[in-house]
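Residues per chain, in single letters:
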Amino acid sequence: MGTMVVAQSQRGQVLYCSACKIFHVEFGNVHLSLWIEHLHELWETLGTLDPWEAERMNAHTQFRRKVLIPIRNSPADLLFTAEEVTELHGLLARAVDKAVLPESAWAQTEEPKR
């Protein structure tokens, strides 16, 4: 048992801890610890969002990053660029794809190190 990388991108990675059954999402300077249901929910939320439209609609704000993702039951929000949202969604998609497999199959589907 331990922690293993289940998906990687240029800006981040998703780790899975088999002891606590938690997915750890590291992306830029953001770290989230998520149960599989919440990982899937975040992936779905990002998939329904048009980050380019969100940037356009929030162009008037003083925020440097224009795509705002609220964190449920929290006063905090995540701020991203459209490019970051696209990359994070792809990263989570690879993690969700792997998460539906039994853990014993993960070693056979690991991505090459970059």
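Details of the structure are given in the entry above.
What you see is a predicted model, and the numbers here were worked out from it, not measured in a lab.

### Side note on the pairing of strand S5 (residues 67-70)
Logical step 1: Taking every second residue as pointing to the same face, the buried face of S5 carries Val67 and Ile69, while none of Leu68 and Pro70 on the other face is buried.
Logical step 2: Pairing of S5 with strand S6 (residues 77-80) involves 4 bridges; the strand directions are antiparallel. By the bridge assignment, Pro70 is partnered in S6 with Asp77.
Logical step 3: In sequence, S5 turns back onto S6 through a hairpin of 6 residues, with Asn73 there showing a positive phi of about 55 degrees.

### Notes on the sheet that holds strand S4 (residues 30-34)
Logical step 1: Ordered in space as S1-S2-S3-S4, the 4 strands form an open sheet in which the pairing is antiparallel. The sheet is open, and its two edges are formed by strand S1 (3-8) and S4, each paired on a single side. Direction aside, neighbouring strands of the sheet carry axes that sit 20 degrees apart on average.
Logical step 2: With 5 bridges connecting them, S1 and strand S2 (residues 12-17) associate as antiparallel partners. Within S2, the position partnered with Met4 by the bridge is Tyr16.
Logical step 3: Running at roughly 130 degrees to S4, helix H1 (residues 36-48) makes contact with strand S3 (22-27) and S4 of the sheet.
Logical step 4: Of the strands in this sheet, S1, S2 and S3 touch helix H3 (residues 82-99), which is tilted by about 130 degrees from S1.

### A few points about the pairing of S3
Logical step 1: Of all 6 residues in S3, 5 are buried; the element is thus mostly enclosed.
Logical step 2: Of the strand pairs in this sheet, S2 and S3 are connected by 6 bridges, and their pairing is antiparallel. Across the sheet, residue Cys17 finds its bridge partner in S3, namely Ile22.
Logical step 3: Linking two consecutive strands that pair antiparallel, namely S2 and S3, is a turn of 4 residues; a positive phi of about 60 degrees is found at Lys21 within it.
Logical step 4: Here 5 bridges tie S3 to S4, and the two strands are oriented antiparallel to one another. Looking across to S4, one finds that Val25 is bridged to Leu32.
Logical step 5: The turn joining S3 and S4, which pair antiparallel and follow one another in sequence, is formed by 2 residues; a positive phi near 60 degrees is taken by Gly28.

Thresholds, definitions, all that
- Residues numbered from 1 in each chain as written.
- Predicted model: local features only at pLDDT ≥ 70, side-chain atom pairs only at ≥ 80, totals over all residues.
- Heavy atoms only, no water.
- Buried < 20%, exposed > 50% of the residue type's maximum accessible area, 1.4 Å probe, protein only.
- Helix = DSSP H or I, 4+ residues; strand = E, 2+ residues; numbered from the N terminus.
- Pairing = 2+ DSSP bridges.
- Axes fitted to C-alpha atoms, helices over the stretch in contact; angles between N-to-C directions.
- Contact = heavy atoms within 4.5 Å.

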